[in-house]
Amino acid sequence: MSSWLDYTINGLIVGNVYALVAVGLALIFGVSRLINFAQGSIYLVGAYIGWVAVVQLHTPLPLTIIVVAVAAALVGLIIERFGLRPLQNSVRIAPLLATIGISFVLDQLVMLTFSPNPRALPSQLPDIRFQIGGGTIGPLDLLIAGVGLTSALLLFVFLRYSKLGWAVRATAQDRDAAMQMGVDVNRVNQAVFGIAAALGGVSGLLVGMYYNQIDTAMSLQATLKGVVAEVVGGAGNVPGAVIGSLLLGLVESYGVAVFGTSYRNLFAFLLLVVVLVLRPNGLFASARQAPPEPLTGTFIAPSRPVRIPRWALLIATAVFAILPLLPVSFYVLQTLINAWLLGMLALSLTLVAGTIGQVSLGHAALLAIGAYTSALLSLTFAVPVGLAIIGGGLMSAALGTALISPSFRLRGHYVSIATLAIGEIVSLVILNWESVTRGPIGISGIPPLSLFGYELVSPISIYWFSFIVMVVLALLQGRLLGSHLGRSFRAIRDDDIAARAYGLSLNRYKSLAFIFGGFAAGVSGGIAAHLYSYINHETFNTQQSILALTVVILGGLGNVVGAILGAVALVGLPEVFRIAAEYRILIYGIVLLLLVRFRPQGLLGTM
Amino acid sequence: MTNPPPDALLTLTDVNTFYGQAQVHFDLSISVPRGHIVCLLGGNASGKSTTMKIILGLVKPRSGEVTFDGASLLGLTTPQIVRRGIASVPEARRLFADMSVRENILMGAFVRNDREAIAQDLDKMLTLFPKLGQRLSQRAGSLSGGEQQMVAMARALMSRPRMIVMDEPTMGLSPLYVDRVLELIRTINQEGVSVFMVEQNASLALEIAHEAYVLQTGKIVLSGSARALKDDPRIRDAYLGGSEAA
């Protein structure tokens, strides 16, 4: 590939693939105001069903497409019926979290069934290329373009001329009014999930054939790209999603042409952040559209927090403090060290997501910033490790807040999308900024933890160090929540418009929350860097962000003690039950789903 | 309240409704006789709109009974209730703003499958609401408030309902349109459709209603024939919420 025409063709083809994902997201968002984070998992499932059909059943191409579409649609229907419909009357955060949980479960099931290793998905078309102008085009390109156009046409006819299509449009515009016309909204949801899943599954199949390879990492990428395209086109806007997808494909393709392959995703996420900041309703939104998330105060489950008496907390702290002196194995200490590190991250997230209501899906980026800062300070500038960790925390607080600040004007789901994108951008910058971060090689030989010149190498000293840091952070956060600042945070979470009407500056309080939260997360990342002695751009990934979110929801959003309890439970229980590593993510996903369904306020209640 | 008369089409009996801890209705009983216009009057936060939602199945009462044509509506979903023959003109019209006027009116016939009769009814709506004829392909959201009210009423009639429930049909309309809307409600009623409407504007509503109920903080404080209520000095007190007793 060399000519600009080639890059344009490639951009449009890739854009077509994104469009199949994004259109489904737009349909679902239109009807149920939900960003379906499981869309990429359906795409993944589609790719693997396609692999089974092609490689094992030797189906001809048209049949392969039909098999994938039908099977994926079934998965979509199951998700709607059993994952989302029971949550119809819960708080608005519930279905969002459920799709995240479903996506983890599906991805892990695919990984466990097919192994994480990539597989070759042969294209069932002849490998010839036609010369057109200064570029070339192959049969697969034409197939993808054909499937894209046909789907768009079918969808148009469906929405414009079929009764169910009318019901879909009416529901998207006014759900209650549609019900009063006799529209069965459950059937509309079913239809939309079925269609979205069929399109997503076929998209996965086509991408697999296009790159001749499928692996389980495809899922998150597809969700992210689909969400980017959909938001660029305007959430819920079906034609907008198509145009947004083509635009995204072209931007990426030209970006790759100029800067190289590793920059592909960076452009996608920068495009997203720019659109979110400048035109959060998408490029084609007109002024009459309602601002995102018009409902406030209903996003987080209200509940009465469980009050834990002070003496019980003191006893628990004392028990964990003297634990290393008791005859416990290093293995237990090691597990608890991990829990304390996760606890610090959870403290940070529970403040940001729970207390002030900004559900961040990119929290691992704060770990990464802290870890890299601390590692580089101690390695390059020989800063003592203790100070370097504090430096990591400060850097994470400052840089993290600065990076996330463009999303301060967003609300609800949009905050989650923006933070997810910002998290990805951080990891991509780490990958590409080789002169500072050493790029894909990562940083090795990070000095071990030390304090005032004494190296902390024994598990007992590391245990105490991390435990004390976490307890100090928790106490500080408890003080913060009890002050007028804490009340202001909760006021903004419960009703940001009312809070603003009372003179609270949203930007200032959101910044303060992220500064405090960023510091805790950065310290956690810094300690982790010195414990691991090696980090790279994948050490702190989206899985960790989601794990932290699960911990926070398990403990109860905004609940300090809950965050720590959640961390101990999610790190500890798999160890207690000796669950193999590859099943853990699956378990976390299931825990998240069960929580959302049966105890959305978490173990100790939201505060 | 007394037992509903035998010719009642819609009845609410001893309905108690709650939003969380807060009680909205206290033993609410209302009956709409077949072929009548019944009006529910009340100020803000009296529970009027919630009464509409109860009838349409959008809110479920904690206790009490709601029947339509002798059968209970309580276990039914909103679409099922619509299929029983209740159409709605929601508060603030709630048109499908991005769909055309024609599509909006036809959405009213969503529960029907008789294509030809639907087409005939569409023509009939255009004779009843002649202004809409030129607006058919326009976006519904671009119409004026009065025109939107016409569309909402046409949309409701398209399901060939036995009863229409209307939530403040004259709200936000110019005086010209208010008269027009009231006249249309009377016309619709004369064609045999029972009407249950919720209104703040008592004097207007009592012009066209047969019976009326006055709702105050969730309790019926007055009821009777519209004629009698119009002359009742208490109606102003109760309606304005001025004095507690009525």
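Let us look at the structure shown here. From a predicted model like this one, the values you see are computed outputs, not experimental measurements.

Per the secondary structure count, chain B includes 9 helices and 10 strands. For 246 residues, the compact-globule estimate of 2.2 N^0.38 gives 18 Å, and chain B sits close to it at 18 Å. The buried share among the 246 residues of chain B stands at 54%. Of the contacts formed within chain B by residues at least 6 apart in sequence, a portion of 69% connects residues at least 24 apart. Here chain B displays about 10800 Å² of accessible surface, and carbon together with sulfur accounts for 49% of that area. Where the 26 positive side-chain charges of chain B centre and where its 25 negative ones centre are 4 Å apart.

What follows is about the side chain of E230(A). All names here are of chain A. For E230, the position within the fold is in helix α9 (residues 218-233). Although buried, E230 forms no salt bridge, and the nearest oppositely charged side chain, R33, lies 8.4 Å from it. Within the structure, E230 has its side chain in polar contact with the backbone nitrogen of G236 (distance 3.0 Å). Dropping the residues within four chain positions of it, E230 is found in contact with A22, L25, A26, F29, I35, A235, G236 and A241.

Contacts between the two partners involve 18 residues from chain A and, on the opposite side, 24 residues from chain B. Summing both sides of the interface, chain A and chain B together bury roughly 2000 Å²; the carbon and sulfur share of this comes to 61%. When the buried surface of chain A facing chain B is broken down by residue, W166(A), Q180(A) and M181(A) rank first, second and third, together holding 36% of it. Taken together, chain A and chain B are joined by 2 salt bridges. With a closest N to O distance of 2.9 Å, E103(B) and R169(A) form a salt bridge. On inspection of chain A and its partner chain B, the count reaches 9 residue pairs in polar contact (both at pLDDT 80 or more). Looking at the side of chain A that touches chain B, the elements with two or more residues in it are α6 (163-173) and α7 (175-180) of chain A.

Turning our attention to the nonpolar core. In globular proteins that are soluble, nonpolar side chains generally tend to be buried together. Core analysis: the biggest nonpolar cluster contains 201 residues, and I79(A), I100(A), I527(A), I535(A) and M107(B) have the highest contact counts within it. Excluding residues within four positions of it along the chain, I535(A) makes contact with A371(A), Y372(A), A375(A), G442(A), I443(A), I446(A), A529(A) and F540(A). Grouped together as the second largest cluster of nonpolar side chains are 50 residues, L136(B), M166(B), V181(B) and A212(B) included.

About the criteria used
- Residues numbered from 1 in each chain as written.
- Chains lettered and ligands numbered in written order.
- Predicted model: local features only at pLDDT ≥ 70, side-chain atom pairs only at ≥ 80, totals over all residues.
- Heavy atoms only, no water.
- Helix = DSSP H or I, 4+ residues; strand = E, 2+ residues; numbered from the N terminus.
- Rg over C-alpha atoms; globule rule 2.2 N^0.38 Å.
- Buried < 20%, exposed > 50% of the residue type's maximum accessible area, 1.4 Å probe, protein only.
- Contact = heavy atoms within 4.5 Å.
- Areas by Shrake-Rupley, 256 points an atom, 1.4 Å probe, with all protein chains shown as cover.
- Lys, Arg positive; Asp, Glu negative; His and termini not counted.
- Charge placed at Lys NZ, Arg CZ, Asp CG, Glu CD.
- Salt bridge = Lys/Arg side-chain N within 4 Å of Asp/Glu carboxyl O.
- Polar contact = N/O pair within 3.5 Å; in protein donor to acceptor, adjacent residues only side chain to side chain.
- Buried area = accessible area lost by both parts, 1.4 Å probe.
- Core = buried A, V, L, I, M, F, W, Y, C linked by side-chain atoms within 4.5 Å.

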